Amino acid sequence: MLHTKITPPYFELGPKNYMIDRTVEKLAYTVRAAAEKYNIRAIYSAPFIHLERIGEAFEGSEHCYVFAPYMDDLPPDSKAGSALPERLKACGVQGVYINHSSLPQTLGAMIRMQARAEKLGLYTMACADSIKEIQATAIIGPDILIAEPEDLIGSGQSADAAYIQASIAAAHAINPEVSVLIGAGISSGEDVYKCIYNGADATGSASGIFKSDNPEAMIYEMFEAVRCGWDDRHKTAQKERK
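Counting of residues starts from 1 at the beginning of each chain's written sequence and follows it residue by residue. Given that this is a predicted model, residues contribute local features only at a pLDDT of at least 70 and side-chain atom pairs are listed and counted only at 80 or more, while totals for whole chains, interfaces and linings are drawn from all residues. With hydrogens and water excluded, all non-hydrogen atoms of the structure serve as input to the side-chain values.

A. Focus on the pattern of salt bridges. A pairing counts as a salt bridge when a side-chain nitrogen of Lys or Arg comes within 4 Å of a carboxyl oxygen of Asp or Glu. A complete count under the given rule lists 6 salt bridges for this structure. In this structure, arginine 22 and glutamate 25 form a salt bridge, with 3.3 Å as the shortest nitrogen-oxygen distance. Residue arginine 22 is classed as partly exposed on the basis of its relative accessible area, which comes to 46%. Among the ionic pairs, glutamate 25 bridges to arginine 53, the shortest N-O distance being 3.7 Å. Taken together, the residues span a long stretch of sequence, with glutamate 25 in helix α1 (residues 23-38) and arginine 53 in helix α2 (residues 48-57) at a distance of 28 residues. One salt-bridge network, held together by shared partners, links Arg22, Glu25 and Arg53. Any residue under 20% of the maximum accessible area for its type is buried, any over 50% is exposed, and the rest in between are partly exposed; the area is computed with a 1.4 Å probe on protein chains only. Counting from the N terminus, the helices are DSSP H or I runs at least four residues long and the strands are E runs at least two residues long.

Structure representation (structure tokens):
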């Protein structure tokens, strides 16, 4: 980690393939407005074709970051269609996934991508499912570790408090500096609040926002829940210390 950490609390969202038109780019302005309103950080992970325009929408913002969904572990050469981290950096991308359940990587590939991204000053984000995967991923040292049970992804059912707390403890036992995001099945402000209140630095959603009837309203609902969960968690901690 060679750069300033993304300040918690924060929220990560991405359309995956739930939304395939320019609305993905228009929503960047909603993301920015909601992040500024509730004073949280937001990570927008979008398909490659939208990244540069989203970066333009976030220009000058202290609250918003644009991330790529993956990068190729390949050297710059004559191959076509590669998502080289150098190219991502050049078009304004600030971070990248180095592992995701929809495009899983080996530990060796993750280690190489982590080192390359660090050299370029890109933030890294990596997903893990079980406690063992969380521990192995924490060793690699991504900026953000996403703990999410794969069977809950897109299910509309979020992880319980026991999984949230056990995942955070497992990651920090290996790497106290890693930021932990709890994901999978986040479909309401209530789900968001539960993750943040129970100790997560962040949470995120894809289908919960981009398959909803009103994505803009859901962004505001979830961002507000991040702020409320964070503030209530710290109020509770203060009371317990007295």
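B. Examining helix α9 (residues 215-241) more closely. With 27 residues, α9 should reach 39 Å at 1.5 Å per residue; the first-to-last C-alpha distance of 39 Å fits that figure. For α9, the set of buried residues is Pro215, Met218, Ile219, Met222, Phe223, Ala225, Val226, Arg227, Gly229, Trp230 and Arg233. Residues count as neighbours in contact if any of their non-hydrogen atoms are within 4.5 Å of one another. For α9, the elements touching its buried residues are β1 (10-13), α1, β2 (41-45), α7 (189-197), β8 (202-205) and α8 (207-210). What a helix should span is 1.5 Å times the count of its residues minus one.

C. Expanded view of the nonpolar core. Core analysis: the biggest nonpolar cluster contains 60 residues, and Phe11, Leu13, Val31, Tyr44, Phe58 and Phe223 have the highest contact counts within it. Residues within four places of phenylalanine 11 in sequence aside, it is in contact with Ile40, Arg41, Ala42, Ile43, Val192, Thr203, Gly204, Ser205, Ile209, Met222, Phe223 and Val226. The nonpolar core is taken to be a set of buried Ala, Val, Leu, Ile, Met, Phe, Trp, Tyr and Cys residues, with the residues joined through side-chain atoms within 4.5 Å. With 13 residues, the next largest nonpolar core counts Tyr10, Met125, Cys127 and Ile144 among its residues.

D. Highlighting α7. Where α7 is concerned, the buried positions are Gly189, Asp191, Val192, Cys195 and Ile196. Along the long axis of α7, the arc covered by the buried residues comes to 160 degrees, so they all point the same way. Buried residues along α7 sit against β1, α6 (161-174), β7 (179-182), β8 and α9. By construction, the arc corresponds to the directions joining the helix axis to the C-beta atoms.

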